[in-house]
Amino acid sequence: MLLIVALYLACGVAAGFLAGLLGIGGGLVVVPLLMLIFSVQAVMSPDVAMHVAVATSLSCILFTAVSSARAHARRGSVSWHYVRGLAPGIVAGTLLGSFGARCISGFGLRAFFVVFLLCIATQMLLDLYPKASGRTPKAPALAGAGLLIGGVSSLVGLGGGSLTVPFLRWSGVDLHKAVGTSSAVGWFIAVAGTLGFVASGWGDPLLPDWSLGYVSVPATLGIACTSVFFAPVGARLSHALPVSSLRKVFAVFLYITAANMIWGMIH
């Protein structure tokens, strides 16, 4: 039991720090680690383990996004114009994705997550960001982007930073402000995704005790205990460290994580 608690706390450190530093919400680390923890516990059906990992990751972002966004906002690194424009589409897309996830098998959800990991790792490693368009997107474009960001993020348990940051950079927003804005947008994904997964998983007989729908309450509380303290640390360091270089290092970690998940899926 103590080992499980320690792993939850370690997840929180990683989630909070990365949310603040890279604007990715921490879910790229939290979901694989939760799958590892669930396998160690051996109390959850593999048919719902990935759903619980994704849903719990989103519920943890409720805490990390607020803490990270506040830290970025104090430094003037949040563009509220984009937050307001993206939020409605993001909420709609996230709700659609969280309810739709119930129709996807555990294997299918893991496969989607692995493909997403490989795409994001390649983007980070090669710095494949779109060139700035030179114009600010109109309201319909922001709503459409939000719908896509929310839908994909809800299926992989992320705060949307891996998609929001490239979109904002294409819109002409500088990197630091894109990261800060992504942290603020992540809160809307977390709220809609958590509520959606609670509702869609409610009453599932395969879920373990202390679950609210697909959300694991013990895991959420354990991760949140440390994540809220480390998000501001990451946000402060994002203004002092070479974030672009750090993202490339993190990309290598994502490749290793994806390879490990593929190995687990075929054995």
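### Some points on helix H2 (residues 27-41)
Under the 1.5 Å per step criterion, the end-to-end length of H2 is 20 Å for 15 residues, consistent within 8% with the ideal 21 Å. Residues Gly27, Leu28, Val29, Val30, Val31, Pro32, Leu34, Met35, Ile37 and Phe38 constitute the buried set of H2. Downstream of H2 by one or two residues, Ala42 has phi in the positive range, about 55°.

### So, the packing of helix H4 (residues 80-100) against helix H8 (residues 175-201)
Contact geometry for H4 and H8: axes closest at 8 Å, N-to-C directions at 25°. The angle between H4 and H8 falls in the class roughly parallel. Like other packed secondary-structure pairs, H4 and H8 cross with a definite hand, here right-handed. Here Trp80, Tyr82, Val83, Leu86, Ala87, Ile90, Val91, Thr94, Leu95, Ser98 and Phe99 of H4 come into contact with H8, specifically with Thr181, Ala184, Val185, Phe188, Ile189, Ala192, Gly193, Gly196, Phe197, Ala199 and Ser200. When the residues that make up the contact of H4 with H8 are grouped by side-chain class, the tally is 16 nonpolar, six polar and no charged.

### Remarks on the packing of helix H5 (residues 106-126) against helix H7 (residues 161-170)
The interhelical angle for the contact between H5 and H7, taken along N-to-C directions, is 40°, at an axis separation of 11 Å. Taken together, the axis directions place H5 and H7 in an arrangement best described as oblique. In the crossing of H5 with H7, the sense of the turn from one axis to the other is left-handed. On H7, the residues that touch Phe116, Ile120 and Gln123 of H5 are Ser162, Leu163 and Pro166. Per-class residue counts for the contact of H5 with H7 are four nonpolar, two polar and no charged.

### Some points on a nonpolar patch on the surface
Together, Leu125, Leu126, Leu128, Val252 and Ile256 give the surface a local cluster of nonpolar side chains, amounting to about 450 Å² of exposed area. Mapped onto the nonpolar patch, the elements with two or more residues apiece are H5 and helix H10 (243-266). One can find Leu125 in helix H5.

Thresholds, definitions, all that
Residues numbered from 1 in each chain as written. Predicted model: local features only at pLDDT ≥ 70, side-chain atom pairs only at ≥ 80, totals over all residues. Heavy atoms only, no water. Helix = DSSP H or I, 4+ residues; strand = E, 2+ residues; numbered from the N terminus. Expected span 1.5 Å × (residues − 1). Buried < 20%, exposed > 50% of the residue type's maximum accessible area, 1.4 Å probe, protein only. Axes fitted to C-alpha atoms, helices over the stretch in contact; angles between N-to-C directions. Parallel < 35°, antiparallel > 145°, perpendicular 65-115°, else oblique. Left-handed = near helix turned anticlockwise from the far one by under 90°. Contact = heavy atoms within 4.5 Å. Nonpolar A, V, L, I, M, F, W, Y, C, P; charged D, E, K, R; others polar. Patch = residues over 30% accessible without salt bridge, like charges linked within 9 Å, V, L, I, M, F, W, Y side chains within 5 Å. Areas by Shrake-Rupley, 256 points an atom, 1.4 Å probe, with all protein chains shown as cover. Salt bridge = Lys/Arg side-chain N within 4 Å of Asp/Glu carboxyl O.

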